[in-house]
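# Analysis of the macromolecular model
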Amino acid sequence: PLSFPPSCPSSLPSSLLSGVPKEVFPGEMRVAQTPSTVALLTKKGFQVLVESGAGAAASFTDGQYAEAGATVVSGFEAAWEGADAILKIHPPTAAEAALLGDKAIVSLLAPRQDEELVATLAEQGACAFALEAVRCSRILNILERTKRTKRTKRTNERTNERTNRNTLPTHS
């Protein structure tokens, strides 16, 4: 059965926004999402941010991503900051990891080889999925689960806020 790390949220937003940044690893020609996979995600109700030029090395144009339903954004910060989940090939760089916060990330992580990255992601409360440890057919299921979890978390937070506002202070 599929299990999720404790750092993963227990609730989700109604629409998960995924970010696809341009790969910065020298010589990398792959991209985490193709226009056809973006189309699949958007048909399932996901929103996708794609950094301009992210697919260029793999011969995909920004126009193809836009036609598939993605919003093409300028700069990796735009692809990271607005997203609930980041989809990458290579592990995040230090600059990228600093922007991750408590978002979800699906990428090659080599968790047994880069313990410092794993510690950084854990400290931030990131929900990290090592792509090399997940069957490809399960990635969409993971994203759907993350979407549901974020929606529940936000609902619980709103409920807790309402409860706290309606609770009278007690005097000792």
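Quick look at the structure, then. (Residues numbered from 1 in each chain as written. Predicted model: local features only at pLDDT ≥ 70, side-chain atom pairs only at ≥ 80, totals over all residues. Heavy atoms only, no water.)

### A word on the overall build of the protein
When helices and strands are tallied, the protein shows six helices and six strands. Starting at the N terminus and ending at the C terminus, the protein contains elements arranged as β-α-β-α-β-α-β-α-β-α-β-α. Here the protein holds 172 residues, and the buried ones make up 37% of them. Across the protein, contacts joining residues at least 24 apart in sequence account for 65% of those joining residues at least 6 apart. A total of about 9,600 Å² of accessible surface is found on the protein, and carbon and sulfur atoms cover 53% of it. (Helix = DSSP H or I, 4+ residues; strand = E, 2+ residues; numbered from the N terminus. Buried < 20%, exposed > 50% of the residue type's maximum accessible area, 1.4 Å probe, protein only. Contact = heavy atoms within 4.5 Å. Areas by Shrake-Rupley, 256 points an atom, 1.4 Å probe, with all protein chains shown as cover.)

### What about the packing of aromatic side chains?
A complete count under the given rule lists one aromatic pair for this structure. Aromatic side chains F60 and Y65 sit 6.2 Å apart centroid to centroid with 75° between the ring planes, which places their arrangement in the edge-to-face category. (Phe/Tyr/Trp six-rings, centres within 6.5 Å; stacked < 30°, edge-to-face > 60°.)

### Let's talk about the pattern of salt bridges
Across all of its chains, the model carries three salt bridges by this definition. With a shortest N-O distance of 3.5 Å, E23 and K88 are connected by a salt bridge. One end of the pair, E23, is in the loop between β1 (17-20) and α1 (35-43); the other, K88, is in the loop between β4 (85-87) and α4 (94-100), with 65 residues separating them in the sequence. For the pair formed by E23 and K88, the shared burial category is buried. Residue R30 is joined to E28 by a salt bridge in which the shortest nitrogen-to-oxygen separation is 2.8 Å. Given a relative accessible area of 13%, E28 falls into the buried group. Sharing partners across several salt bridges, the network here consists of E23, K88 and E96. (Salt bridge = Lys/Arg side-chain N within 4 Å of Asp/Glu carboxyl O.)

### Considerations on the environment of T120
For T120, the location among the structural elements is in helix α5 (residues 115-124). Residue classification places T120 among the partly exposed residues on the basis of a relative accessible area of 26%. Placed 20 residues apart in sequence, T120 and L100 show a C-alpha to C-alpha distance of 9.9 Å.

### Some points on the side chain of Q33
Its place among the elements puts Q33 in the loop between β1 and α1. Given the relative accessible area of 12%, Q33 is considered buried.

### Quick look at the sheet that holds β4
A sheet is described by the order of its strands in space; here six strands give the open sequence β3-β2-β1-β4-β5-β6, paired in parallel fashion. Bordering the open sheet on either side are β3 (71-73) and β6 (127-130), each of which pairs with just one other strand. Taking the axes of each pair of neighbouring strands and ignoring which way they run, one obtains an average angle of 20° across the sheet. Judged from the three bridges that link them, strand β2 (residues 47-51) and β3 form a sheet pairing that is parallel. Paired with E51 across the strands is V73, a residue of β3. (Pairing = 2+ DSSP bridges. Axes fitted to C-alpha atoms, helices over the stretch in contact; angles between N-to-C directions.)

### Focus on the environment of L100
By the element assignment, L100 lies in helix α4. Residue classification places L100 among the buried residues on the basis of a relative accessible area of 1%. When the C-alpha atoms of L100 and E77 are compared, they prove to be 10.0 Å apart, with 23 residues separating the residues in sequence.

### What to know about the pairing of β6
The sheet contact formed by strand β5 (residues 104-107) and β6 spans four bridges and is parallel. Residue pairing for β6: V106 is matched across the bridge by F129. For the crossover from β5 across α5 to β6, the handedness is right-handed. (Right-handed = clockwise from strand over helix to strand, strands pointing away.)

### Concerning the nonpolar core
If you look at the biggest cluster of nonpolar residues, it comprises 19 residues, and the most contacted ones within it are V20, V38, V48, V50, Y65 and A70. Of all the elements in the fold, those that place two or more residues in this core are α1, β2, β4, β5 and β6. Ranked by the residues each element gives to this core, the list is headed by α1, at three residues. When sequence neighbours within four positions are dropped, the list of residues in contact with V20 reads V31, A32, Q33, V48, L49, V50, E51, A54, A79 and L87. Grouped together as the second largest cluster of nonpolar side chains are 15 residues, A83, A97, I105 and L117 included. (Core = buried A, V, L, I, M, F, W, Y, C linked by side-chain atoms within 4.5 Å.)

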